[in-house]
Amino acid sequence: MGRRALLSLTLAAALAQPGMAQDAGSGALPPLAVPPIPRPETPALVPADDKAPPSSGALIPPEAYDQPVIPLGTPRPAAFETLRESDFDHAACRLGLVMLGVDHAEVPPLTDPDQRDCGIARPVELRAIQPGITVEGSPVLRCDTARALALWLREMVVPAASRLPGSPRLTSVITGPGYACRGVVGGSTGGRISEHALGNAIDIAGFGFDDGSRVEIAPTADRGDLAAAFQNAVQGSACLYFTTVLGPGSNAAHDDHLHLDIKARQGGFRLCQ
């Protein structure tokens, strides 16, 4: 066989393999060898006899209970703290007392260890409601209560006293408790606290005059004298200065005194009986 025939046979054999011819003609690289991806091992099943230890049922590990408990919110302030006056308001009130001639003194804050709502943040002690008119008992009150008392006595009680027989001059006011940590109408502090427990209230048991006479608070149903008229006048006029006025005729607990307080009510409502 000649060289020409041998070359023809070799070329025919090459053309008979398409893949080789294409690779040779395109110059493409052979495919990369990708290593196989290993499959995750399947965890061995726990035999039925080898059960996991039972859970204690607690979502919080026991050691976490030793940590301090953080409260969810700020506790409400004590009732008396909600009535705390600003520096400006307190100074203005005390200036008003001075201008009215009230002899008073600022005393340390009052609190009660057994009832957190009781107390007075900025109390004052009354000694004389104006020159020549003492306050028996030296009650301790909030300044606003003392100012209401001074205005009522100055504008209503003193003028009314001049209508009594002999026109005596008022010289003393007989008071019951001012501040007292107790419930309404006295007794237990377990329920609703009295306005006395906040320094908002004062009890008036009677009035003394320069001629030695006294008018003591008592029911006036069977009386028709000027002393009864005086009592009715001062009790009725007190509602212009206080938001609560209780006395004879309201209930048996107030037959022997006038309860006066400055409790704030919705809409400015006043309870006067």
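Residues numbered from 1 in each chain as written. Predicted model: local features only at pLDDT ≥ 70, side-chain atom pairs only at ≥ 80, totals over all residues. Heavy atoms only, no water.

1. Digging into the pairing of strand β7 (residues 170-175)
In terms of burial, β7 is a largely internal element, 6 of the 6 residues being buried. In this structure, strand β5 (residues 133-136) lies alongside β7, joined through 3 bridges in parallel fashion. For T134, the partnering residue across the bridge sits in β7 and is S172. (Buried < 20%, exposed > 50% of the residue type's maximum accessible area, 1.4 Å probe, protein only. Helix = DSSP H or I, 4+ residues; strand = E, 2+ residues; numbered from the N terminus. Pairing = 2+ DSSP bridges.)

2. Section: the confidence of the model for the chain
When the pLDDT values of the chain are averaged, the result is 82; 71% of them are 70 or greater. In the model, residues 19-26 has pLDDT below 50 throughout and makes 1 contact with residues more than four positions away in sequence or in other chains. (pLDDT = per-residue confidence, 0-100. Contact = heavy atoms within 4.5 Å.)

3. Considering the packing of aromatic side chains
In this structure the tally under the stated criterion is 4 aromatic pairs. Taking 6.2 Å as the distance between ring centres and 85° as the angle between the ring planes, the aromatic pair formed by W152 and F242 counts as edge-to-face. Here the residue W152 occupies a position in helix α4 (residues 143-161), and F242 occupies one in the loop between α5 (226-237) and β10 (244-246), the gap between them amounting to 90 residues. There is no split in this pair, since W152 and F242 are both buried. One aromatic cluster is present, formed by W152, F207, F209, F230 and F242 through successive ring pairs. (Phe/Tyr/Trp six-rings, centres within 6.5 Å; stacked < 30°, edge-to-face > 60°.)

4. Quick word on the packing of α4 against α5
It is at 10 Å that the axes of α4 and α5 come closest, and there the two elements cross at 165°. On the basis of the axis angle, α4 is roughly antiparallel to α5. α4 and α5 meet at a crossing whose hand is right-handed. Taking contact as the criterion, the partners of W152, M156, V157, A160 and A161 in α4 are, on α5, F230, V234 and S237. Per-class residue counts for the contact of α4 with α5 are 7 nonpolar, 1 polar and no charged. (Axes fitted to C-alpha atoms, helices over the stretch in contact; angles between N-to-C directions. Parallel < 35°, antiparallel > 145°, perpendicular 65-115°, else oblique. Left-handed = near helix turned anticlockwise from the far one by under 90°. Nonpolar A, V, L, I, M, F, W, Y, C, P; charged D, E, K, R; others polar.)

5. What about the pairing of strand β11 (residues 258-261)?
Of the two faces of β11, the one holding L258 and L260 and the one holding H259 and D261 are both buried throughout. Note: strand β8 (residues 201-209) against β11, 4 bridges, orientation antiparallel. Pairing of D203 across the sheet is with H259, part of β11. When β10 meets β11, the two strands line up antiparallel, connected through 3 bridges. The residue of β11 that forms the bridge with T244 is D261.

6. A word on the state of the cysteines
Enumeration according to the criterion identifies 3 disulfides in this entry. Between the sulfur atoms of C118 and its disulfide partner C181 the distance amounts to 2.0 Å. Measuring handedness by torsion sign, the sulfur bridge of C118 and C181 sits at about 75° and is right-handed. Note that C118 is positioned in the loop between β2 (110-111) and β3 (119-120) and C181 in the loop between β7 and β8, a separation of 63 residues in sequence. For C118, a relative accessible area of 1% gives the class buried. Covalently, C239 is tied to C272 through a disulfide, its sulfur atoms 1.5 Å apart. Across the S-S bond linking C239 and C272, the dihedral sits near 65°, which makes this disulfide right-handed. Within this pair, whereas C239 is found in the loop between α5 and β10, its partner C272 is found in strand β12 (residues 271-272), the two being separated by 33 residues in sequence. Owing to a relative accessible area of 18%, C239 belongs among the buried residues under this scheme. The exposure class of C272 is partly exposed, given its relative accessible area of 35%. (Disulfide = S-S within 2.5 Å.)

7. Examining the packing of helix α3 (residues 87-99) against α4
Between α3 and α4, whose axes approach to 10 Å, the crossing angle comes to 25°. Classed by the angle they form, the pair α3 and α4 counts as roughly parallel. The two elements α3 and α4 meet at a crossing, and its hand is left-handed. Between α3 and α4, the residues in contact are H90, C93, R94 and L97 and C143, D144, A146 and R147, respectively.

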